[in-house]
Amino acid sequence: PTPVPTPSPTELPTPKPTEIPTPVPTPIPTITPLPTASPTLEDTVHLDIVMGMSGESICRFVVNNSATVRTTVAEAMSNKDGSAVIDETNIVSYVVTGCDGNRRRRRKLLATQIVTVTLSFATSLSDTGYLTADGFYDSATESLSDAVASITSTFETSCGCTISVDTIQVALSTRNDVETTYVEPAVEPAATYYAGADCPNACSGHGSCSTNGCVCWSHWGNGDETGGACDQRKCPYEIAWVDTPDSENKAHALRECAGRGVCDRSTGDCMCFPGYTGKGCRRTTCPNDCSGHGTCEFLAEMRNDLGDDFKWTGNLPTKNQYDFEFGLLWDAYKTRGCVCDPKYTGLDCSIRMCPKGDYANYYKLEKRPETQAVVVTNVFTPGTDGDDANGYKYSDMSDGNDANGEFALTFRSTLNEEFTTNTLNVYNLTESIMEDALNSLPNKVIEEASVVLYRNLSKYNESTYASNKNYMQSYPYGKANPEFNGTWYDTDLVVLITFAGAMTSGDQYSLECKTAYCGAGCQPKLEAPLDFKIGSQCKVVNDFTPAFAVNIECSGRGTCDYGTGICDCYEGYTDEYCSTQTALI
């Protein structure tokens, strides 16, 4: 076979290289510089400096020496490194307030004058050396704050008088009267800043700032001083317990915590010293809270028995049991003491009282009990009331004028137990009714009381005392009440009560008449009382017949156990109050 010939490869044409075009250079743009604008209103800073000053000649100084004020304040506003200086030529306004005539007339009684000087500065921001108005504001504020003392000294030297720079206020001001594209770099401070130290901490939110410093709101202050930062509470002021009189009969002025406590400035509450309590330590405490056996009462509420003329008991207002104007005492409603329950005594009512009786060997060998007289006046009506078999007046209560005759008697023992009888009536009262009412009182406070009752007293006086005129001059009220002697009439009812029992020996407290209306719920009930009868009155003559006896603890013949209230009788004596002798020694 014939071999197939190998084909020759076809040659590819060689490509021609593409030529790279030569780049055309881009021309550099021409930069046209902007012209530097001269200072205009667009970059002008406005500051208002308001100074509150006081002194005896401050008005004369700020008006006649305005150049000194301008120069001194301008120099004080220079920044600390001295790179920028402001002088008085930057001051565009100088205003003085507080020196007008009306103000002077209102303050004519004050030795110190108070004025406000306002200086308005206007300068370009570039001249100040600061990029922002706030930066200049802060620097001026700090400089003025540090320069308060030097400003004050310069003013005093120039004036030759005493001047006080009380406050310096620095504030940015805005101008709305000129159109400008100037944009302030920061918001104007919302709160006014006061250089100087008279309104620190913006009065702590508890006061108002004035040219004289903080005027604190009620109950706020700077401790016990005036003004300050108003960051401390004040405590209540009350009548001082002790102070120095500033004139005759003029003392006990108001003092914080009444001078008997320390004020807690964080809460405004008084921390009272021991023995004092209440708002502002206004009243005393009672010892041991009266031991649970008494009540703590003011002096004006206490009952005091200063002898027979003051033996009032029962429901009479206790403040009326004195013979003077007790409420006029400065501490009548401040000083308190314990009024003990019956059978308890002592400053804190912790001591129990023992029964009392007559001393067996009292110097008066012939003993005599006390007699009291209960006199009810103007209760009978001569001519309509009849005479009984003895000639005494009586009433069958058929007369409408005689319907109001109810009363009761209250007795207080020497152990301070008070009890009131049941309802009595003058128109059906007998000796036995009165004796039963008294002797049935609880706790044997009255035993063996005897009663003598008198009506038709003119006949009684005539038949008994007509022959003894000297005696009649002192009867029946005694020498202590001579104006009432010989004045028992047929219209009166007289009850003589003699305390013959062992528990009521010696001098006893006076009985008390209860004659006021006392309706449902009262004990005793008095629905037709003597007070409803016009002209009628019930009164008690104490010590009508004085006692020849005593009433002392354990009858003077034993010792009292103050824990139990029981008498430990001496040998030869017995009974509850050691008044009975068991043997002759």
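Here the structure is shown first, and the text comes after it.
Within any chain, residue numbers begin from 1 and follow the written order of that chain's sequence. For a predicted model such as this one, the threshold for reporting local features is a pLDDT of at least 70, and the threshold for listing and counting side-chain atom pairs is 80 or more; totals across whole chains, interfaces and linings nevertheless cover every residue. The side-chain figures draw on all heavy atoms in the structure; neither hydrogens nor water molecules are used.

**Q** Where do I start with the state of the cysteines in this structure?
**A** Two cysteines, two sulfur atoms, one covalent bond between them: this is a disulfide. Note on disulfides: each one is a pair of cysteine sulfur atoms within 2.5 Å. Evaluation of the coordinates by the stated rule reveals 14 disulfides. Paired by a disulfide, Cys-286 and Cys-296 hold their sulfur atoms 1.9 Å apart. Disulfide Cys-286-Cys-296: torsion about the S-S bond near 85°, hence right-handed. Pair noted here: Cys-286 is in the loop between strand 15 (283-284) and strand 16 (294-298) and Cys-296 is in strand 16, with a separation of 10 residues, a long-range link. Relative accessible area serves as the criterion here: at 26%, Cys-296 is assigned to the partly exposed category. Between the sulfur of Cys-518 and that of Cys-522 lies a disulfide, 2.2 Å long from S to S. Measuring the twist about the S-S bond at about -120°, one finds the Cys-518-Cys-522 disulfide to be left-handed. Each residue gets one of three labels from its accessible area relative to the maximum for its type: buried under 20%, exposed over 50%, partly exposed in between, using a 1.4 Å probe on protein chains only. Take Cys-522: its relative accessible area is 32%, and that puts it in the partly exposed class. Strands here mean DSSP runs of E at least two residues long; helices mean DSSP runs of H or I at least four residues long; both are numbered from the N terminus.

**Q** It is not clear to me how a nonpolar patch on the surface should be interpreted in this structure. Could you clarify?
**A** Nonpolar side chains (Val, Leu, Ile, Met, Phe, Trp, Tyr) are joined into patches within 5 Å and like charges within 9 Å, using only residues with over 30% relative accessible area and no salt bridge. The accessible surface values rely on the Shrake-Rupley method and a 1.4 Å probe; as for residues, cover is taken only from the protein chains in view. For this document, the term salt bridge refers to a Lys or Arg side-chain nitrogen within 4 Å of an Asp or Glu carboxyl oxygen. Taken together, the side chains of Tyr-237, Ile-239, Leu-254 and Trp-330 define a hydrophobic patch exposed on the protein surface, amounting to about 380 Å² of accessible area. On the secondary structure map, Trp-330 appears in the loop between strand 16 and strand 17 (336-340). Given a relative accessible area of 35%, Trp-330 falls into the partly exposed group.

**Q** Quick question: what am I supposed to make of the packing of helix 2 (residues 66-76) against helix 6 (residues 148-159) here?
**A** Describing two packed helices takes the angle between their axes plus the distance from one axis to the other. For the pair helix 2 and helix 6, the least separation of the axes is 10 Å and the interaxial angle reads 160°. On the basis of their axis angle, the class for helix 2 and helix 6 is roughly antiparallel. In the packing of helix 2 onto helix 6, the handedness of the crossing is right-handed. On helix 6, the residues that touch Thr-68, Val-69, Thr-72 and Ala-76 of helix 2 are Ile-151, Thr-154, Phe-155 and Ser-158. Just so you know the grouping, Ala, Val, Leu, Ile, Met, Phe, Trp, Tyr, Cys and Pro go in nonpolar, Asp, Glu, Lys and Arg go in charged, and all remaining residues, Gly too, go in polar. Counted by class, the contact of helix 2 with helix 6 contains four nonpolar, four polar and no charged residues. Only the stretch in contact is used when a helix axis is fitted, and all axes are lines through C-alpha atoms; the angle between N-to-C directions ranges over 0 to 180 degrees. Throughout this description, any angle smaller than 35 degrees is read as roughly parallel, any larger than 145 degrees as roughly antiparallel, any in the 65 to 115 degree range as roughly perpendicular, and the remainder as oblique. Here is the rule for handedness: rotate from the far helix to the near one, and if that takes an anticlockwise turn smaller than a right angle the crossing is left-handed, while a clockwise turn gives right-handed. Contacts between residues were defined by any pair of non-hydrogen atoms, one from each residue, lying within 4.5 Å.

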